[in-house]
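So you can see what is in the structure, the chains are spelled out below.
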Amino acid sequence: MYYNRDIDYYEQFREMNKIESLNNLIIKAMNAERHDRVKYQTMMETTNDPMVKKQIKFAYDDEIKHYTMFQQMYYMITGRKMDIPLPSNIEKYNTLMDAVQSSIEGESEAVDLYREIYAHMTNKRMRDEIFEIITDEQEHFGRFIYLYSMLK
Ligand SMILES: [Fe+2]
Ligand SMILES: [Fe+2]
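An account of the accompanying structure is given in this report. All values derive from a computational prediction rather than experimental measurement. (Residues numbered from 1 in each chain as written. Chains lettered and ligands numbered in written order. Predicted model: local features only at pLDDT ≥ 70, side-chain atom pairs only at ≥ 80, totals over all residues. Heavy atoms only, no water.)

Looking only at helices and strands, one finds 4 helices and 0 strands in the protein chain. Its C-alpha radius of gyration of 19 Å places the protein chain more than 25% over the 15 Å reference for a compact globule of 152 residues. Taken along the three principal axes of its C-alpha coordinates, the protein chain extends 70 × 25 × 25 Å. For the protein chain, the proportion of its 152 residues judged to be buried stands at 36%. Looking at the protein chain as shown, the accessible area adds up to about 9500 Å², and 54% of this sits on carbon and sulfur atoms. (Helix = DSSP H or I, 4+ residues; strand = E, 2+ residues; numbered from the N terminus. Rg over C-alpha atoms; globule rule 2.2 N^0.38 Å. Buried < 20%, exposed > 50% of the residue type's maximum accessible area, 1.4 Å probe, protein only. Areas by Shrake-Rupley, 256 points an atom, 1.4 Å probe, with all protein chains shown as cover.)

Rendered as structure tokens:
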């Protein structure tokens, strides 16, 4: 009996740790979404080409949606509202091409991070949402590759 209680205790402890790391991953995701929104806004300001702008705007609009989705997940899991302000200074790029290249990298990293969140998520509805976000980021990845070949 005593032994069983011990097992329960460690199981609970492991569950708590899992939720804790899931929360941290969601905060990391929210920060990444905020960062990308500012980055893509800055990129759109550096060009007058409507075709280039259009490609960046797809990702720009999605990052707002993703931020809100992660914010709601955080609230569902913790009961606490987390708000991350838009960063006021982010890294600078010499050319739009440099920014596009780093965005290809960044979108691929986002997919990796969100796959990790997907693996930690047990709630079916939230898992479906993560899946939607992952496919959006894969689309951004493709659009930035397209943009790269357009600008080359
Ligand atoms: Fe995103
Ligand atoms: Fe993205």
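Following the structure, the description resumes.
Quick look at the coordination of the iron ion (ligand 1) now. In this structure, Glu33 (OE), Glu33 (OE), Glu63 (OE), His66 (ND1) and Glu137 (OE) serve as the protein donors to the iron ion (ligand 1), at separations of 2.0 to 2.3 Å. Sequence positions of the donors to the iron ion (ligand 1) reduce to the motif E-x29-E-x2-H-x70-E. Here the iron ion (ligand 1) and the iron ion (ligand 2) are spaced 3.7 Å apart, and both take Glu63 as a donor. Here Glu33, found in helix α1 (residues 2-45), pairs with Glu63, found in helix α2 (residues 50-78); they are 30 residues apart in sequence, far enough to count as distant. For the pair Glu33 and Glu63, a shared accessibility class is recorded, and that class is buried. (Donors = N, O, S within 2.8 Å, 3.2 Å for Na, K, Ca; no water.)

A surface patch of nonpolar side chains, about 470 Å² in accessible area, is lined by Tyr9, Tyr10, Phe13 and Met16. Counting through the fold element by element, Tyr9 comes out in helix α1. Assessed through its relative accessible area of 48%, Tyr9 is described here as partly exposed. (Patch = residues over 30% accessible without salt bridge, like charges linked within 9 Å, V, L, I, M, F, W, Y side chains within 5 Å. Salt bridge = Lys/Arg side-chain N within 4 Å of Asp/Glu carboxyl O.)

Take Thr47: it is sitting in the loop between α1 and α2. Among the polar contacts listed, one links the side chain of Thr47 to the backbone nitrogen of Asp49, at a separation of 3.0 Å. Discounting residues that sit within four places of it in the chain, Thr47 has contacts with Val52, Lys53 and Leu96. (Polar contact = N/O pair within 3.5 Å; in protein donor to acceptor, adjacent residues only side chain to side chain. Contact = heavy atoms within 4.5 Å.)

Coordination sphere of the iron ion (ligand 2), protein contribution only: Glu63 (OE), Glu107 (OE), Glu107 (OE), Glu137 (OE) and His140 (ND1), at 2.0 to 2.4 Å. Coordination of the iron ion (ligand 2) draws on donor residues from a single chain, spaced E-x43-E-x29-E-x2-H in sequence.

Before going further, it helps to examine the packing of α2 against helix α4 (residues 124-151). Closest axis-to-axis distance for the α2/α4 pair is 10 Å, and the angle between their directions is 160°. Judged on the interaxial angle alone, α4 and α2 are roughly antiparallel. Handedness of the crossing formed by α2 with α4: left-handed. (Axes fitted to C-alpha atoms, helices over the stretch in contact; angles between N-to-C directions. Parallel < 35°, antiparallel > 145°, perpendicular 65-115°, else oblique. Left-handed = near helix turned anticlockwise from the far one by under 90°.)

Turning our eyes to something else, we now look at the nonpolar core. Within soluble globular proteins, side chains that are nonpolar tend to cluster in buried spots. Of all hydrophobic cores here, the largest spans 21 residues; its most connected members are Ile26, Phe70, Met73, Tyr114, Ile117, Met121 and Ile130. Within the residue set of this core, elements represented by two or more residues are α1, α2, α3 (96-120) and α4. Dropping the residues within four chain positions of it, Ile130 is found in contact with Phe70, Met73, Tyr114, Ile117, Tyr118 and Met121. (Core = buried A, V, L, I, M, F, W, Y, C linked by side-chain atoms within 4.5 Å.)

Residue placement: Val52 occurs in helix α2. Residue class for Val52 comes out buried when judged on its relative accessible area of 2%. Expressed as a C-alpha distance, the spacing of Val52 and Thr42, which sit 10 residues apart in the sequence, is 13 Å.

Nothing here speaks to function; it is all geometry.
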